[in-house]
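Per-entry structural report
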Amino acid sequence: MPILPWHAETWNTLFGTPDAIPAAVLVAGEPGWGQDVFSQALAARLLCDGAQGTGAGACGKCESCRWLAAGTHPDYRRVIPEADEEEGEGEEAEASRSRKPEKKKSTQIRIEQIRALEDFVFTGSHRRGNRVIVLDPAEAMNPAAANALLKILEEPPSTVYFVLSSSAWRRLLPTVISRCRRVTLPRPREDLALAWLHAEGVGAEAGALLPVLGGAPVAAREWLEDGRSAAARAVIASLQETGTDPVSLAARWGTLVKDQDGLTRENLVGLVQRWVFDLILFSLAGQVRFMAAHRAAVEKGARGLSIPRLLACYNELLRIRMVSQHPLNAQLFLEDLAARFLMAIATKP
Ligand SMILES: [Zn+2]
């Protein structure tokens, strides 16, 4: 399990003193910084039989490392939001299954999933070594699940480690936070991020995308691999069009937004938000932060705009983004977003 280049210092600090790894570690960072990768590397290291030296990662060769890579390690659990159960029971469920075979993606880690860990935690290890549980993302635990976790954290056996991976750790219960040692990952340095993206084989387009995603390299790799980068380019192009109307703009976005495995509505609002942010920043200070690759277009677009109107739009977008995952009506949601944006960039009469 590799240690990402911008995590190396944090990793070395964490392993700086022998036996210093606490029973519960909260790995915190912003979305797309690679908390999950760090958490996996930490789990691998805690399970590895061959790790050498305080700063080293897992060896990658021992039996434990091989099991982990194969997904068959008996002393390792990774808890992620599970697919939602189909609604209803018995015949109703049968009927709904035949109508709709797919399960919805869940955003929650539930109490049953935490309770299911109790046997694992309190029964001995298969190998008389460490046992590791990764919760990813930890903020997905609902309150009942978090309270169940607290009970386990009260008195965990000494060889059991919890790794809580989070890109929104402030949303965790304070009682959970206080039981963990928080390891805050640093903002990835741009040169390290770009070098890593090149090494991952997605370097060519990464230069333009990385700032759009606020400098989050793991997010950039995902977007380049799953096609969201192309959709993002199309969205950014749509923001530069003149003479369009809310219905056409919304229709265009409608073809780019996917319900699953693609550009989400939240991603879309985020892109509009960053574009508006840069229009404001350019108007006030002649700078761009997210749209560095589109500086000329921002400069052109910012001409003659009303800053109060842009600021009002930006604040609206923050609110809209919060509800973007579950709009009452997806079509109206896009049209509303388009109307607000077009109003903000209408030049002063
Ligand atoms: Zn190993």
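Residues numbered from 1 in each chain as written. Predicted model: local features only at pLDDT ≥ 70, side-chain atom pairs only at ≥ 80, totals over all residues. Heavy atoms only, no water.

**Some thoughts on the overall build of the chain**
What the chain contains, in helices and strands, is 17 helices and five strands. Overall, the chain is about 75 × 55 × 35 Å in size when its C-alpha atoms are taken along their principal axes. Every one of the 349 residues in the chain was classed for burial, and the buried ones make up 45%. A separation of at least 24 residues holds for 69% of the contacts in the chain among residues at least 6 apart in sequence. (Helix = DSSP H or I, 4+ residues; strand = E, 2+ residues; numbered from the N terminus. Buried < 20%, exposed > 50% of the residue type's maximum accessible area, 1.4 Å probe, protein only. Contact = heavy atoms within 4.5 Å.)

**Looking at the packing of helix H14 (residues 265-285) against helix H17 (residues 330-344)**
In the contact formed by H14 and H17, the axes pass within 12 Å of each other and the chain directions differ by 0°. In terms of orientation, H14 and H17 fall into the roughly parallel class. The segment H14 lies against H17, with Arg265, Leu268, Val269, Val272, Trp275 and Val276 engaging Ala330, Phe333, Leu334, Leu337 and Phe341. The residue inventory of the contact of H14 with H17, partitioned by class, reads 10 nonpolar, no polar and one charged. (Axes fitted to C-alpha atoms, helices over the stretch in contact; angles between N-to-C directions. Parallel < 35°, antiparallel > 145°, perpendicular 65-115°, else oblique. Nonpolar A, V, L, I, M, F, W, Y, C, P; charged D, E, K, R; others polar.)

**Thoughts on the sheet that holds strand S3 (residues 131-135)**
Hydrogen bonding along the main chain pairs the strands of a sheet, whether they run parallel or antiparallel. Read across the open sheet, the five strands follow the order S2-S3-S4-S1-S5; overall the sheet is parallel. The open sheet has two free edges, formed respectively by strand S2 (76-79) and strand S5 (181-184), since each of these has just one partner strand. Strand-to-strand twist in this sheet, taken as the mean axis angle between neighbours without regard to direction, amounts to 20°. Pairing geometry for S2 and S3, over four bridges, is parallel. In the strand pairing of S3, Arg78 is matched with Val134. Packing against the sheet, helix H7 (residues 143-154) makes contact with strand S1 (24-28), S3 and strand S4 (160-166), and its axis sits at approximately 145° to S4. (Pairing = 2+ DSSP bridges.)

**Some remarks on the coordination of the zinc ion**
The coordination sphere of the zinc ion contains the protein donors Cys48 (SG), Cys59 (SG), Cys62 (SG) and Cys65 (SG), at a distance range of 2.2 to 2.4 Å. With four donor atoms in place around the zinc ion and angles of 103 to 118° between them, the coordination shape is tetrahedral. Sequence positions of the donors to the zinc ion reduce to the motif C-x10-C-x2-C-x2-C. Placement of Cys48 in the loop between helix H2 (35-47) and helix H3 (63-70) and of Cys65 in helix H3 is noted, with a sequence separation of 17 residues between them. Accessibility classification places Cys48 together with Cys65 in one group, the buried group. (Donors = N, O, S within 2.8 Å, 3.2 Å for Na, K, Ca; no water. Tetrahedral: all angles 85-135°; square planar, octahedral: opposite > 155°, others 65-115°.)

**Considerations on the side chain of Gln273**
With respect to the helices and strands, the residue Gln273 is situated in helix H14. Here Gln273 is in contact with Tyr314, Leu317, Leu318 and Arg321, once residues within four sequence places are set aside.

**Concerning the layout of surface pockets**
A probe as big as a water molecule, rolled over the atoms, marks out the empty space that is left. Within this model, the second largest pocket holds a volume of roughly 320 Å³. Lining the second largest pocket are 17 residues; nearest its centre among them are Leu239, Gln240, Glu241, Thr242 and Gly301. For the lining of the second largest pocket, the secondary structure elements donating two or more residues are H14, helix H15 (295-302) and H17. Counting residues per element, the lining of the second largest pocket draws most heavily on H15, which supplies three residues. (1 Å grid on protein atoms, 1.4 Å probe; cavity = no way out; pocket = protein on both sides within 12 Å on 5 of 7 lines; lining within 4 Å. Points joined across faces, edges and corners; volume = space filled by probe spheres on them.)

**Looking at the environment of Gly207**
The topology assignment puts Gly207 in helix H10 (residues 203-212). Taking the C-alpha atoms as reference points, Gly207 and Ala293, separated by 86 residues in sequence, lie 8.1 Å from one another.

**Considering the packing of aromatic side chains**
By the definition in use, this model includes five aromatic pairs. Measuring from ring centre to ring centre gives 5.3 Å for Trp6 and Trp196, while their planes differ by 85°; the resulting arrangement is edge-to-face. Residue Trp6 is found in the segment before helix H1 (8-14), and its partner Trp196 is found in helix H9 (residues 190-199); the two are separated by 190 residues along the sequence. On the numbers, 6.0 Å between centres and 55° between planes, the contact of Phe277 with Tyr314 is tilted. Separated by 37 residues along the polypeptide, Phe277 in helix H14 and Tyr314 in helix H16 (residues 307-323) bring together distant segments of the chain. What links up through ring pairs into an aromatic cluster is the set Trp11, Phe15 and Phe38. One Lys or Arg, Arg182, reaches over the ring of Trp169 and ends 3.8 Å from the middle of that ring. Note that Arg274 overlies the ring of Phe290, its terminal NZ or CZ placed 5.4 Å from the centroid. (Phe/Tyr/Trp six-rings, centres within 6.5 Å; stacked < 30°, edge-to-face > 60°. Lys NZ or Arg CZ within 6 Å of the ring centre and 35° of its normal.)

**Observations regarding the domain arrangement of the chain**
Domain parsing of the chain yields domain 1 (5-184) and domain 2 (227-344). Inter-centroid distance (C-alpha atoms) of domain 1 to domain 2 is 35 Å. (Domains from an automatic or database assignment.)

**So, the packing of helix H12 (residues 228-238) against H14**
Running from amino to carboxyl end, H12 crosses H14 at an angle of 45°, the nearest separation of the two axes being 10 Å. Considering the angle they form, H12 stands oblique to H14. Taken as a pair, H12 and H14 cross one another with a handedness that is right-handed. Taken together, the residues of H14 that come into contact with H12 (itself represented by Arg228, Ala232, Val235 and Ile236) are Asn267, Leu268, Leu271 and Trp275. By residue class, the composition of the contact of H12 with H14 is six nonpolar, one polar and one charged. (Left-handed = near helix turned anticlockwise from the far one by under 90°.)

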